[in-house]
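Survey of secondary and tertiary structure
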Amino acid sequence: EFKPQELASLAWSFATAGHAAPALFDGLASRLSVLVGELFTAQGLSNTAWAFAAAGRPSPALFARLAAEATPRLSEFKPQELASLAWAFATVGQPAPALFDGLAVVAAQRLTFFKPLEVANVAWAFAAADHRTAPALFDEGFGRHVESLGGGFNDGSLVQLHQWALWLERECGRADGLPSEQLRARFHAAFASRGGRPSRLHKEVLSALASLRLEPAEHLQTDEGYTLDLVVEWRGEKVAVMVDAPWHFHNRQPTGHTLLRRRQLRHFGWRVLPLPHWEWSTLYHSAVADDAPPQRRMQTYLLYALEQRVI
């Protein structure tokens, strides 16, 4: 009974309120995948993508339709709508090369109208998507615009811009679009200062690694500002053990943030071992044929993971 625009508004409202409604979003995704061409407005397309990404409910079919509908109409989008669209696709990890090509062109044309949050979202989205065919966007003009907005970035935007700067300089091998070293130092400081209390999952993994006499190091910080959950030496190499909590995934698929972190760490020379939370929890709660105690299950799992799943 809902019109397409009403369905989009419903998704946006639930995502904005932070109200988890997986069944609702699954139903909306199914319906909107068919009706996306009737959303009419650029705002409707952007809000729909943002809502599903913010709610952690990726739908490959829906996002493919959104990309197909939005790409030829990007000239209709306002800066905020362009930024939200880019952020949404990068956050859910949905490949959309044609969309990002178009976003780069349109964003470059209107760059001076982008506010701090919008600049940070666009920059981070291109880094997370690892979309490198955007030389027209990240040129010296982009660096100057970022510099001019320097005092307007909040901590979250500074964190995003640090990951973008790492991507542009270290992964893409470019420096022409970067702002001053002083502003980049602010990016780094904001990124490196993030912290949090160790979770129960973190403590369990630490204990299990220690029981294997691997002498895990906690919260080691890299030169780039990344804080590694745990680090062990295995077969003569340092391995960063990523204790991946529920918020690192959408429907058991890594979020764009998680994928970016893993990719950059690997680029900086680290071997990475992701440990998904649901696999670890089964070591406690699932029925195991040999009826081994949880500690033994954890040790067996970690030894297998270190041998077979380090990336």
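Note that the structure is a prediction, hence the values are computed from the model and not measured. (Residues numbered from 1 in each chain as written. Predicted model: local features only at pLDDT ≥ 70, side-chain atom pairs only at ≥ 80, totals over all residues. Heavy atoms only, no water.)

Moving on, we come to the packing of helix α1 (residues 4–17) against helix α3 (residues 42–54). Running from N to C, α1 and α3 cross one another at 40°; their axes reach a closest spacing of 8 Å. Classified by the angle their axes make, α1 and α3 are oblique. Pair α1 / α3 crosses with left-handed handedness. Of the residues in α3, those in contact with Gln5, Ala8, Ala11, Trp12, Ala15 and Thr16 of α1 are Gly44, Asn47, Thr48, Trp50, Ala51, Phe52 and Ala54. Taken together, the residues of the contact of α1 with α3 break down into eight nonpolar, five polar and no charged. (Axes fitted to C-alpha atoms, helices over the stretch in contact; angles between N-to-C directions. Helix = DSSP H or I, 4+ residues; strand = E, 2+ residues; numbered from the N terminus. Parallel < 35°, antiparallel > 145°, perpendicular 65-115°, else oblique. Left-handed = near helix turned anticlockwise from the far one by under 90°. Contact = heavy atoms within 4.5 Å. Nonpolar A, V, L, I, M, F, W, Y, C, P; charged D, E, K, R; others polar.)

Quick look at the nonpolar core now. Phe89, Phe126, Phe138 and Trp164 are the most contacted members of the largest nonpolar core, which has 80 residues in total. Sequence-distant contacts of Trp164, that is, excluding residues within four places in its chain, are made with Ala123, Trp124, Ala127, Phe138, Phe142, Gly177, Leu178 and Pro179. Residues Val241, Leu283, Tyr301 and Leu306 belong to the second largest nonpolar core, which totals 22 residues. (Core = buried A, V, L, I, M, F, W, Y, C linked by side-chain atoms within 4.5 Å. Buried < 20%, exposed > 50% of the residue type's maximum accessible area, 1.4 Å probe, protein only.)

A positive phi angle is found at Glu215, which is not glycine, with a value near 50°. Of note in this structure, Arg235 is not a glycine but carries a positive phi near 55°. Along the chain, Arg235 turns up in the loop between β2 (227–234) and β3 (237–244).

Another aspect to go through is the sheet that holds β2. Strands sit in the order β1-β2-β3-β6 across an open sheet of four strands; the sheet is mixed. Looking along the sheet, the strands with just one partner apiece sit at the ends: β1 (217–221) and β6 (271–276). Adjacent strand axes in the sheet meet at a mean angle of 45° when their direction is disregarded. When β3 meets β6, the two strands line up parallel, connected through six bridges. Within β6, the position partnered with Val239 by the bridge is Arg271. The sheet strands contacting helix α14 (residues 294–308) are β2, β3 and β6, and the helix crosses β6 at an angle near 140°. (Pairing = 2+ DSSP bridges.)

Right, let's get into the layout of surface pockets. Size it by volume and the largest pocket reaches roughly 920 Å³. As for the largest pocket, its lining consists of 26 residues, and the residues nearest its centre are Arg194, Asp229, Trp247, His248 and Arg261. For the lining of the largest pocket, the element with the most residues is helix α9 (residues 155–171), which contributes four residues. Grouping the constituent residues of the lining of the largest pocket by class yields eight nonpolar, 14 polar and four charged. One number sums up the size of the second largest pocket: a volume of about 250 Å³. Elements with a minimum of two residues in the lining of the second largest pocket: α1, α3 and α5 (79–92). (1 Å grid on protein atoms, 1.4 Å probe; cavity = no way out; pocket = protein on both sides within 12 Å on 5 of 7 lines; lining within 4 Å. Points joined across faces, edges and corners; volume = space filled by probe spheres on them.)

All quantities given are derived from atomic positions and should not be read as evidence of function.
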